[in-house]
Structure formats: C-alpha cells, structure tokens
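The lines below spell out each chain.
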Amino acid sequence: MVVAFEVTDGGRGDWSVLLVSGELDLMTSPVLRRRVHDVVADGQHSLVLDLSEVLFCDSTGVGVLIGSRQLIRSCRGRLRLILPARGAVEGSHVNRVLGALGVRRLFEVFPDVMAATDERAEPLAV
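What comes next is a walk through the structure. Fair warning: this is a prediction, and the values are worked out from it, not measured in the lab.

### Points about the nonpolar core
Part 1: Grouped together as the largest cluster of nonpolar side chains are 28 residues, with contacts concentrated most on Leu32, Leu49, Leu51, Leu81 and Leu98.
Part 2: Within the residue set of this core, elements represented by two or more residues are β2 (15–24), α1 (29–41), β3 (46–57), α2 (59–74), β4 (78–82) and α3 (93–101).
Part 3: In this view, Leu49 contacts Leu18, Leu32, Val36, Leu65, Leu79, Arg80, Leu81 and Ile82; residues no more than four positions away in its chain are not counted.
Part 4: Membership of the second largest hydrophobic core comes to 8 residues, among which are Trp15, Ile82, Phe110 and Ala115.

Here it is, written out as structure tokens:
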C-alpha cells in the first residue's frame with residue numbers, strides 16, 4: 001500500500017501551520033525540511049507542525065523535527081507540535097517514537113490547532 005505524503009500550508013493569527021500527512025521517513029523528510037525552511041525564509045517564526053495525520057515516523061523524520069526546533073529557536077521563534085494523545089490515532093505514532101527516543105520533552109505539544117495557536121493554552125504533559 002502506498003501512502004501519499006503531503007504538507008499543506010495554513011495559518012491562524014500570527015502562526016503559520018503546516019499540516020503533515022502520510023509517512024515521515026527517509027524519502028519524505030526532505031520535503032518537510034524544505035517547507036519549514038521556506039516558512040522561516042518568508043519571515044514567519046511562529047510555526048505549528050500538525051502531525052496528527054502522520055502514520056509513521058522514522059529517525060530521519062525525528063531528525064527533521066529536531067532540526068526544525070533548532071532553526072526556529074535560532075530565530076527566537078516558537079515551534080509547537082500537534083500530536084493527539086487519544087482518539088483515532090490512539091496515542092499517535094509520532095508521539096510514541098519521540099517518547100521512546102527521549103526527545104518528546106524538547107517540544108511543546110498540543111492536541112489541536114486551536115490550542116496550539118492560543119497563547120493562553122498549556123502544552124500537554126510529557
């Protein structure tokens with residue numbers, strides 16, 4: 001079964017939102033890396049990566065997430081991830097991978113776009 005990989009641009013208020021769907025792996029990670037760099041090059045330093053539709057993530061994908069965090073922080077920006085804890089994705093594959101690798105704590109994680117773009121919302125607990 002072939003799963004299409006797609007990154008869709010959006011925004012909400014001061015936040016740029018990239019909705020990522022499919023498998024984030026060796027073949028597709030460069031697409032996400034390029035899109036994050038394009039957002040930063042356009043002067044946007046508040047970024048939400050909506051990973052709620054990512055079905056699989058390997059170490060290359062995790063590397064892109066960590067690199068995105070470093071890039072945004074170097075611009076004094078903010079990066080937030082959407083990784084639903086429960087529901088259709090039951091625990092989110094990306095959430096489990098980040099937790100297993102011990103890097104989940106590096107990210108501010110929210111359950112949805114509304115929470116991620118709300119300055120008053122608190123991130124989900126690790």
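Right, picking up where we left off after that structure.
### Focus: the packing of α1 against α2
Part 1: Remark: α1 packs on α2, axes separated minimally by 9 Å, with the N-to-C direction vectors making an angle of 10°. Between α1 and α2, the interaxial angle falls into the category roughly parallel. When α1 is examined against α2, the residues Ser29, Leu32, Arg33, Val36, His37 and Val40 are found in contact with a partner set consisting of Thr60, Gly61, Val64, Leu65, Ser68, Leu71 and Ile72.

### A few points about the sheet that holds β3
Part 1: If you trace the 5 strands from one edge of the open sheet to the other, you get β1-β2-β3-β4-β5, paired in mixed fashion. The strands lining the two open edges of the sheet, one partner per strand, are β1 (6–12) and β5 (108–110). Within this sheet the neighbouring strands show an average axis-to-axis angle of 25°, counted without direction.
Part 2: Direction of pairing for β1 relative to β2: antiparallel, over a ladder of 7 bridges. Within β2, the residue paired with Asp9 across the bridge is Leu18.
Part 3: Along the sheet, α1 makes contact with β1, β2 and β3, crossing β2 at roughly 175°.

The rules behind each value
- Residues numbered from 1 in each chain as written.
- Predicted model: local features only at pLDDT ≥ 70, side-chain atom pairs only at ≥ 80, totals over all residues.
- Heavy atoms only, no water.
- Core = buried A, V, L, I, M, F, W, Y, C linked by side-chain atoms within 4.5 Å.
- Buried < 20%, exposed > 50% of the residue type's maximum accessible area, 1.4 Å probe, protein only.
- Helix = DSSP H or I, 4+ residues; strand = E, 2+ residues; numbered from the N terminus.
- Contact = heavy atoms within 4.5 Å.
- Axes fitted to C-alpha atoms, helices over the stretch in contact; angles between N-to-C directions.
- Parallel < 35°, antiparallel > 145°, perpendicular 65-115°, else oblique.
- Pairing = 2+ DSSP bridges.

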